[in-house]
Amino acid sequence: MLNIQEYIESGRLEQFALGELPAAERAAVEAAAASHPAIAAELAAVVAALEGYALAHAVAPPPAMRARVLSNVLAQISTADASTDSGHASTGPTPAIGLRADIDALAHAGATAPTLLGQRPAPLATSSARSPLALAASVALLLSLLGNAYLYNRWHETDTTLVALQGDQTRLASANTVLQREASAAQSQNEMLRDEHVRVVALAGTPAAPQARGRVFFDPSTHRVFIDAKQMPPLPAGKQYQLWALHNGKPVDAGLMPLDATSGLLPMKPIAAAQAFAVTIEPVGGSATPTMPIQAMGTVVM
Amino acid sequence: MSETLPVTLPPAAEAALVQRLRERDETALSEFYDRYSAALYGVILRIVKKEEEAEDVLQEALIKIWNSFAGYDAGKGRLYTWVLNITRNLSIDKIRSRQHRVGNRTDGLDDSYAALTQAAPTTFRPEHIGLREITQQLIPEQREIIDLLYFEGFTQSEAAEQLNLPLGTVKTRARTAIKVLSKIIR
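Residues numbered from 1 in each chain as written. Chains lettered and ligands numbered in written order. Predicted model: local features only at pLDDT ≥ 70, side-chain atom pairs only at ≥ 80, totals over all residues. Heavy atoms only, no water.

**A few points about the interface of chain A and chain B**
Moving on, step 1. Each partner contributes to the interface: chain A provides 47 residues, whereas chain B provides 54 residues.
Moving on, step 2. Counting the surface lost from both chain A and chain B, the interface buries some 4600 Å², and carbon and sulfur atoms represent 63% of this.
Moving on, step 3. Contact with chain B buries surface across chain A, with Y53, L55 and H57 of chain A losing the most and accounting together for 16% of the total.
Moving on, step 4. Counting across the interface, chain A meets chain B through six salt bridges.
Moving on, step 5. R175 of chain B is the salt-bridge partner of E14 of chain A, the closest N and O atoms lying 3.0 Å from each other.
Moving on, step 6. For the pair chain A and chain B, the number of links is 13 residue pairs in polar contact (both at pLDDT 80 or more).
Moving on, step 7. Within the residue set of the side of chain A that touches chain B, elements represented by two or more residues are α1 (4-9), α2 (12-18), α4 (37-56), α5 (63-84) and α9 (132-194) of chain A.
Moving on, step 8. In terms of residue count, α4 of chain A provides more of the side of chain A that touches chain B than any other element does, 13 residues in total. (Contact = heavy atoms within 4.5 Å. Buried area = accessible area lost by both parts, 1.4 Å probe. Salt bridge = Lys/Arg side-chain N within 4 Å of Asp/Glu carboxyl O. Polar contact = N/O pair within 3.5 Å; in protein donor to acceptor, adjacent residues only side chain to side chain. Helix = DSSP H or I, 4+ residues; strand = E, 2+ residues; numbered from the N terminus.)

**Here's the deal with the environment of S287 of chain A**
All names here are of chain A.
Moving on, step 1. Looking at the secondary structure, you find S287 in the loop between β7 (276-283) and β8 (294-299).
Moving on, step 2. When the C-alpha positions of S287 and Q242 are compared, they lie 8.2 Å apart, and in sequence the two are 45 residues distant.
Moving on, step 3. Among all residues touching S287, those that are not within four sequence positions of it are Q242, W244 and E282.
Moving on, step 4. Side chain to side chain, S287 and E282 meet in a polar contact 2.6 Å long.

**Examining the packing of helix α7 (residues 140-150) of chain B against helix α9 (residues 167-185) of chain B**
Residue and element names in this part refer to chain B.
Moving on, step 1. Direction vectors running N to C along α7 and α9 enclose 95°, while the axes themselves pass 9 Å from each other. In terms of their interaxial angle, α7 and α9 are classed as roughly perpendicular. In this structure, α7 uses E141, Q142, I145, I146 and L149 to contact α9, whose residues at the interface are V170, R173, A174, T176, A177, I178, V180 and L181.
Moving on, step 2. When its residues are assigned to classes, the contact of α7 with α9 shows nine nonpolar, two polar and two charged. (Axes fitted to C-alpha atoms, helices over the stretch in contact; angles between N-to-C directions. Parallel < 35°, antiparallel > 145°, perpendicular 65-115°, else oblique. Nonpolar A, V, L, I, M, F, W, Y, C, P; charged D, E, K, R; others polar.)

**Considerations on the nonpolar core**
Moving on, step 1. In terms of nonpolar packing, the biggest core is built from 70 residues, with F32, L79, Y80 and V83 of chain B touching the most fellow members.
Moving on, step 2. A total of 13 residues in this core trace back to one element, the largest contributor, which is helix α2 (residues 28-48) of chain B.
Moving on, step 3. Apart from residues no more than four positions distant in its own chain, F32 of chain B is found in contact with L17, L21, S37, L40, L62, I65, L79 and V83 of chain B.
Moving on, step 4. If you look at the next biggest cluster of nonpolar residues, it comprises 23 residues, including I227, Y241, M257 and V279 of chain A. (Core = buried A, V, L, I, M, F, W, Y, C linked by side-chain atoms within 4.5 Å. Buried < 20%, exposed > 50% of the residue type's maximum accessible area, 1.4 Å probe, protein only.)

**Focus on the pairing of strand β2 (residues 213-219) of chain A**
Residues and elements named next belong to chain A.
Moving on, step 1. The buried count for β2 comes to five of seven residues, which makes it a mostly enclosed element.
Moving on, step 2. In this structure, strand β1 (residues 199-205) lies alongside β2, joined through six bridges in antiparallel fashion. Bridged to A204 within β2 is R213.
Moving on, step 3. Where β2 meets strand β3 (residues 224-228), five bridges bridge the pair, whose relative direction is antiparallel. If you follow F218 over to β3, its bridge partner there is V225.
Moving on, step 4. Here β2 folds back onto β3, and the loop between the two strands holds four residues, one of which, H223, carries a positive phi near 70°. (Pairing = 2+ DSSP bridges.)

**Structural notes on unusual backbone geometry**
Moving on, step 1. Following M292 of chain A, the chain continues into P293 of chain A via a peptide bond in cis, with omega recorded as 0°.
Moving on, step 2. Relative to the assigned elements, P293 of chain A resides in the loop between β7 and β8.
Moving on, step 3. Residue H223 of chain A is not a glycine yet carries a positive backbone phi of 70°.
Moving on, step 4. By the element assignment, H223 of chain A lies in the loop between β2 and β3.
Moving on, step 5. Using a relative accessible area of 33% as the deciding quantity, one classes H223 of chain A as partly exposed.
Moving on, step 6. In the Ramachandran plot, K49 of chain B falls in the positive-phi region, its phi being about 70° despite a non-glycine side chain.

Following this line, the structure appears as structure tokens:
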């Protein structure tokens, strides 16, 4: 059993945070922290304290350093990418190649660049023989290359943003289409329900399926039939509910309820006239005549 | 000391930056530079003490961060913790290799440490309020230990040898110093 207080005071956590432990001991500290919350909390406090101390020393680099460092880094990582993963490089747009070359050239010019920018005086003595014109031209070239690198970055950022926005727009448009379709379906159902001709037929479970409940909406003027399938019991595999209209004592096929029907009004086959509706269980695909027993039934009140 | 904490990104912004770096989005590097360069450069400068070398190390650090980004596990800690470790290690490697070169000509660690402490860091100005607070609250012996361990990359045993103190004393001082820091930072 690990003595937690002793462990905390052993100085091991400080060694861990200062990075002086070999890998195996690092792993042991991580394991101890993972299984003892008190150790984890102490370790986090030690790490945060040292980070705070580091942050207290923050110094902004000279502004001119930004372009130098970023373009050198970009040049190095892109040459590394090009040599290890040429397929990745070729996904970039063609103008990038010229700019890459510029940036590479800039990186190679790195040895002389700081001198020309006046940051490091030492090598100037040897370059005094060069004509001032050439020096000015080099400076102009460097500035132009830095400008290219900067503009390339900006262009790349804008391009990425544009692609993202176009993707968003496509998604919104298709979401909108779906919503419109759903709204128009809901509206037509709503109109049907409010139509005074529509008869609502409550289906009640028979002794074969006492829990079964459903409602049929039947419009004798337009012959439209809908069923609200919410309350039908789950079916065994290979079976499907079929709706029948009973007209003058004879069953007429009113259509199959979709197997995956979960909610809402389901449009069924048009029926010219009916005095009652009934639901039976049939093999998937339906039957020409109903299979007894009837599961649920209701009469049309005229 | 809010102005000394420029890298405390809102978690969502940090996660977004991490995501872009993970997707090898090169434009994320400039954002990374803008947010983290001051925090990293200050540490580098404090360790290597020369501006030209500090620039080289900053550049190496960015390349290393980019190349090994797959190794960053956001579940194990903040981005800053990870990049700070990389940067500090590179900086210490830099002075170690320099000490090694010096050491070939002279007698090694002791002399080069003396040389380092004598060479006044001309570019390093402790003008942050946070740093002033810290220097006021850490007693000199604690600060000496913590700087030796954190900025010179000494192990606790090396520090004990350097300061001619028992290892236990070094450990206690280091712990106390970190406790004091912890209180100031909280």
